[in-house]
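Understanding the architecture of this molecule
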Amino acid sequence: MIKIIAEIGQNHNGDIVLAKELIDAAKDNGADIAKFQVYDAKSLFSKTDNPWFDYNCSTELTRDDIYDLNDYCIKAGIEFGASVFDIERIKWLEDIKLKRYKVASRSVNDTQLIKNITKLNKPMIVSLGMWEGDEFPIIQTNATVDFLYCISKYPTDLEDLKFSSVDFSRYGGFSDHTIGTSAAIISLSRGAKILEKHFTLDKKMHGPDHSCSMVPSELKEISDFKNQLIESL
């Protein structure tokens, strides 16, 4: 089963109405998961040399926001997903019975965070953009762990991708930071079972991730390709 994750992330710009519009658009255009980022902004983001610090703080989701957005996803018929960045917020996500946990590239070396997630024995998706080991991280859990091929560059240039050396029977999928749909479609054609890509309603919106995000028409293109691929198998 191929899963497409619409990474809403910070692209709601701190507006819960916009967040819900993004959930609806993700569902309507073929995403399987609408994913958010759950963090304490002042702890996660540096204020030094970060022109987006105030924006980062404005996009922090409260516990009530998470309850609200999860309920909205249930009504819309799409899975609520989340990258979590601290142990306290794992508890928030357990309160809504989160189905699977995403570990972002920047957290791949956070052993305490990962240890607390593995205790839950729930499926995990782990991006390896900032992992420097030759082998995958050792994550001890009774649940499945899918590692995503990822280049931690925003946006990622197509020539930075090394798909010819990526074995998608080993990697679970691809976390895509390129502009456009080419890389996403190539990854699926090469066997990726998970495709994660930032999602926005308008690439020109204010915020650091909008310009390299997919819009609804691009999500639909990727989703249509996924469906054609499944039908051909």
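Residues numbered from 1 in each chain as written. Predicted model: local features only at pLDDT ≥ 70, side-chain atom pairs only at ≥ 80, totals over all residues. Heavy atoms only, no water.

A short note on the overall build of the chain
- When its secondary structure is counted, the chain shows eight helices and eight strands.
- Seen through its principal axes, the chain has C-alpha atoms that stretch 45 × 40 × 40 Å.
- Burial status across the chain gives 53% buried among its 233 residues.
- Of the contacts made within the chain by residues no fewer than 6 positions apart, 57% connect residues no fewer than 24 positions apart. (Helix = DSSP H or I, 4+ residues; strand = E, 2+ residues; numbered from the N terminus. Buried < 20%, exposed > 50% of the residue type's maximum accessible area, 1.4 Å probe, protein only. Contact = heavy atoms within 4.5 Å.)

Re empty space enclosed by the protein
- Enumeration over the complete set of coordinates arrives at one cavity of 30 Å³ or more.
- Looking at the largest cavity, its volume works out to about 50 Å³.
- In terms of lining residues, the largest cavity is bounded by I5, I33, K35, E79, G81, A82, R100, Y101, K102 and I125.
- Elements that contribute at least two residues to the lining of the largest cavity include exactly strand 2 (33–38), strand 3 (79–84) and strand 4 (101–103).
- Per-element tally for the lining of the largest cavity: the top contributor is strand 3, with three residues. (1 Å grid on protein atoms, 1.4 Å probe; cavity = no way out; pocket = protein on both sides within 12 Å on 5 of 7 lines; lining within 4 Å. Points joined across faces, edges and corners; volume = space filled by probe spheres on them.)

Here we look at the pairing of strand 5 (residues 124–127)
- Of the two faces of strand 5, the one lined by M124 and V126 and the one lined by I125 and S127 are each fully buried.
- Bridge analysis of strand 5 against strand 6 (residues 145–150) gives four bridges, and the strand direction is parallel. Paired with M124 across the two strands is V145, which belongs to strand 6. (Pairing = 2+ DSSP bridges.)

So, the side chain of S127
- With respect to the element layout, S127 can be found in strand 5.
- Taking the relative accessible area as the measure of exposure, S127 reaches 2% and is therefore buried.
- Engagement of the side chain of S127 in a polar contact is seen with the side chain of K102, the distance being 3.0 Å.
- Ignoring anything within four residues of it in the chain, the contact list for S127 reads K102, V103, A104, S105, V108, L148, C150, S175 and E196. (Polar contact = N/O pair within 3.5 Å; in protein donor to acceptor, adjacent residues only side chain to side chain.)

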